[in-house]
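What follows is each chain in one-letter form.
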Amino acid sequence: MSDIIQLLPDHVANQIAAGEVVQRPASVVKELLENAIDAQASHIKLLVKEAGKTRIQVIDDGIGMSVTDARLSFERHATSKIKKAEDLFQLDTKGFRGEALASIAAIAHVELKTKQADDEVGTEIKIEGSEVSSQEVCVTPTGTSICVKNLFYNIPARRNFLKSNTVELRHIIDEFHRVAMVHPSIKFDMYHNDSEVFSLPVANHRQRIVHILGGKTNEKLVPIQEETDLVKISGFVGKPEFAKRSRGEQFFFVNNRFIKSAYLNHAVTSAFEGLCKEKTFPTYFVYLDVDPKSIDINIHPTKTEIKFDDEHSLYAMLRSTIKHSLGQFSVAPVLDFNKDASMETPYDFKNKEARVPTIEVDRNFNPFKDEKTRADANSSMGRTSYKEKKSSDWENLYVGLQADTSAIDQHKKSNDFSSVQFESTAITGSLFDEKKESDLSHNPTYQLKRKYIITTIKSGMVIINQHRAHQRILYEELLRNITMANAVSQQLIFPLKISFTTQEIELLQMVREQLEHTGFVFDAIVEEEVSISGIPTAITESEVSMLLEQLLGDLQNEVPDSGFSQTDFLAKSMAKSIAVRTGIVLEQEQQQHIVNSLFACTEPTITPDHKPTFTTITVDEIDKKF
């Protein structure tokens, strides 16, 4: 096979240069996986050590490179994908700039082994910081193997900005998902620290999604399909009842390339309007095939943003396609004003024969019964019960007026009214609920706009944000339970079973001990399912799924390394999820409890996120208003 990689002319390179920057190990993984796909590989292996900080290796069985191509691939703007700027609008490959390998070789130690099918031996090249240290012949299978070691070894400042291994691995897995999900015809394997993370066989799109996210995902998917002159839409959307509180499982692919588009995301969200719960986001995996001439990919270094020629038409088609699928598969309610539901025959009656209805006659019915009978009927229906209850309540006023018969003469008791006190304090008080002394000692509270609690102090009044205050109270309580003593748990009659993906199960295992200290009791955490038999007293059973989902979303974005910071992070996330929301009406006792508990905290002035919980207005400030 002849050499296919060539240097782009300067005027072409200047038109497409985007300043490719390797920000983290996940950036390297993305570029190497896309190069393997462009090489027509049918089996790709990804090997990662210490979340990519030590080693990233991608092995494929593609067409390989010649000796000249192998050497030239590390030059800036050297590519086999395009030859002139016009080729940008006829792309059918992942890469096209020729910048990725040059950027990677500048900040790491790179080892490349490659061989074409027609060659007997392959080529091995070693590069350290853009300088070729060795180039020699080697024995290697057909395809390419690129190993990137010691990332950012010559830029310590960039290395120091990397997050924890857990977070960096999360980003690598996200990139792996984005590439593997759109290429189900390619077999993918991923290993981290020599342990298998994914093994994805050749499948169709639905099977690939299920293999990545877990077997429980299959029942949540609703297929979408539409083909027009402008775009071909395919893929799946999640059922509304499985909408999540995070945007994790939302994927757009245009011409087999993962993209991010707030505009198209709004089209999907509007299609689910009225079906999903508040503050939840639908799951979707949408594949769009459009004419390459109608899109511009070269507007962002990571190629995740695309400019469309006709965005408005695409928006309308995507929205109507999803609405149609939700209605077709009976996910969304359908109103048909021309059809009478009472005229429909149930399926159970399909094979039944019609039978003559029986006639029942009430032979005791007599419309000419006397009034007395009707009065008795009215009495039996309870119409006099109100009067009877009223009279019995009235008689309670006289309870206690009779004196002891052994001490007072019966005649005197009936004639002498001097001992009777008709308006005594005791009798009057029995008509109303007495205020407890403890309640009278507290300052009165008032709820404003279902958001603020107002109470008085010596210098004026205090305005408390109920959500933030409750968040501070729960945070300190959870932190105390996790670090010092086990919390009280309420046992469930029937264990609660919740489905999660494989990655979410791993995160739950990491924080299982801390969750048990807060009051959770786990019967079992198995693959794709969690069984819970006990929950904290502060939450209800219906809130458990929402709480764990929010917690996992926070953990996926940032998981601290040290034990205490992880405990602190867990307490913050749970407190934010459990805290009473704005718009909830609070009883007087609940308002008083929040006020007292807030000022009993060690740091009542701010939330765990350093936001103010209350403000004070003095009498002098009020006087100035007048």
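Because the structure is a prediction, the values reported are computed rather than measured.

Rules used in this analysis
- Residues numbered from 1 in each chain as written.
- Predicted model: local features only at pLDDT ≥ 70, side-chain atom pairs only at ≥ 80, totals over all residues.
- Heavy atoms only, no water.
- Axes fitted to C-alpha atoms, helices over the stretch in contact; angles between N-to-C directions.
- Helix = DSSP H or I, 4+ residues; strand = E, 2+ residues; numbered from the N terminus.
- Parallel < 35°, antiparallel > 145°, perpendicular 65-115°, else oblique.
- Left-handed = near helix turned anticlockwise from the far one by under 90°.
- Contact = heavy atoms within 4.5 Å.
- Nonpolar A, V, L, I, M, F, W, Y, C, P; charged D, E, K, R; others polar.
- Patch = residues over 30% accessible without salt bridge, like charges linked within 9 Å, V, L, I, M, F, W, Y side chains within 5 Å.
- Areas by Shrake-Rupley, 256 points an atom, 1.4 Å probe, with all protein chains shown as cover.
- Salt bridge = Lys/Arg side-chain N within 4 Å of Asp/Glu carboxyl O.
- Lys, Arg positive; Asp, Glu negative; His and termini not counted.
- Charge placed at Lys NZ, Arg CZ, Asp CG, Glu CD.
- Buried < 20%, exposed > 50% of the residue type's maximum accessible area, 1.4 Å probe, protein only.
- Phe/Tyr/Trp six-rings, centres within 6.5 Å; stacked < 30°, edge-to-face > 60°.
- Pairing = 2+ DSSP bridges.

> What is the right way to read the packing of helix α2 (residues 25–38) against helix α6 (residues 165–181) from this model?
To characterise two packed helices, one gives the angle between the axes of the helices and the distance between these axes. Contact geometry of α2 with α6 gives a least axis separation of 8 Å together with a crossing angle of 20 degrees. Here α2 is positioned roughly parallel relative to α6, judged by the angle of their axes. For α2 against α6, the interelement crossing comes out right-handed. Together, Pro-25, Ala-26, Val-29, Lys-30, Leu-33 and Ile-37 of α2 and Glu-168, His-171, Ile-172, Glu-175, Phe-176 and Val-179 of α6 make up the contact between the two elements. Along the lines of polarity and charge, the residues of the contact of α2 with α6 split into 8 nonpolar, 1 polar and 3 charged.

> What is the right way to read a positive patch on the surface from this model?
A surface patch of like charges, here positive, comprises Lys-279, Lys-576, Arg-581 and Lys-611. By the secondary structure assignment, Lys-611 is in the loop between α20 (588–598) and β24 (614–618). Residue classification places Lys-611 among the partly exposed residues on the basis of a relative accessible area of 41%.

> What's the story with the packing of aromatic side chains in this structure? I'm lost.
Both the distance between ring centres and the angle between the ring planes are used here to describe each pair of aromatic rings. Counting across every chain of the model gives 11 aromatic pairs. With centroids separated by 5.8 Å and ring planes inclined at 85 degrees, the aromatic side chains of Phe-176 and Phe-188 adopt a geometry described as edge-to-face. Here Phe-176 is found in helix α6, whereas its partner Phe-188 is found in strand β9 (residues 187–192), with 12 residues between them in sequence. Exposure class is identical for Phe-176 and Phe-188. Each is buried. Following the ring pairs from residue to residue traces out a cluster consisting of Phe-251, Phe-253, Phe-258, Phe-285 and Tyr-287.

> Teacher, can you tell me more about the sheet that holds β24 here?
Pairing between the strands of a sheet comes from backbone hydrogen bonds, and it takes one of two forms, parallel or antiparallel. Sheet architecture is open: 4 strands sit in the order β18-β19-β20-β24, paired in antiparallel fashion. Of all the strands in the sheet, the pair left with one neighbour each is β18 (445–448) and β24. Neighbour-to-neighbour, the strand axes of this sheet turn through a mean angle of 25 degrees, independent of strand direction. Of the strand pairs in this sheet, strand β20 (residues 460–465) and β24 are connected by 5 bridges, and their pairing is antiparallel. The residue bridging Ile-464 from the neighbouring strand is Phe-614, located in β24.

> Would you explain the sheet that holds strand β21 (residues 489–499) in this entry?
The 3 strands are arranged β21-β23-β22 in an open sheet whose pairing can be described as antiparallel. Each end of this open sheet is capped by a strand with a single partner; those strands are β21 and β22 (521–526). Sheet twist, expressed as the mean angle between neighbouring strand axes with direction ignored, is 15 degrees. Pairing geometry for β21 and strand β23 (residues 529–536), over 7 bridges, is antiparallel. The residue bridging Ser-489 from the neighbouring strand is Pro-536, located in β23.

> Would you mind going over unusual backbone geometry with me for this structure?
What you tend to see is this: most non-glycine residues have negative phi, and most peptide bonds are trans. Unusually for a residue other than glycine, Gln-40 sits at a positive phi of about 65 degrees. If you trace the backbone, Gln-40 turns up in the loop between α2 and β2 (43–49). You can call Gln-40 exposed: its relative accessible area is 60%. Although it is not a glycine, Asn-193 adopts a positive phi angle of roughly 50 degrees. Checked against the element boundaries, Asn-193 lands in the loop between β9 and β10 (195–200). Residue class for Asn-193 comes out partly exposed when judged on its relative accessible area of 39%.

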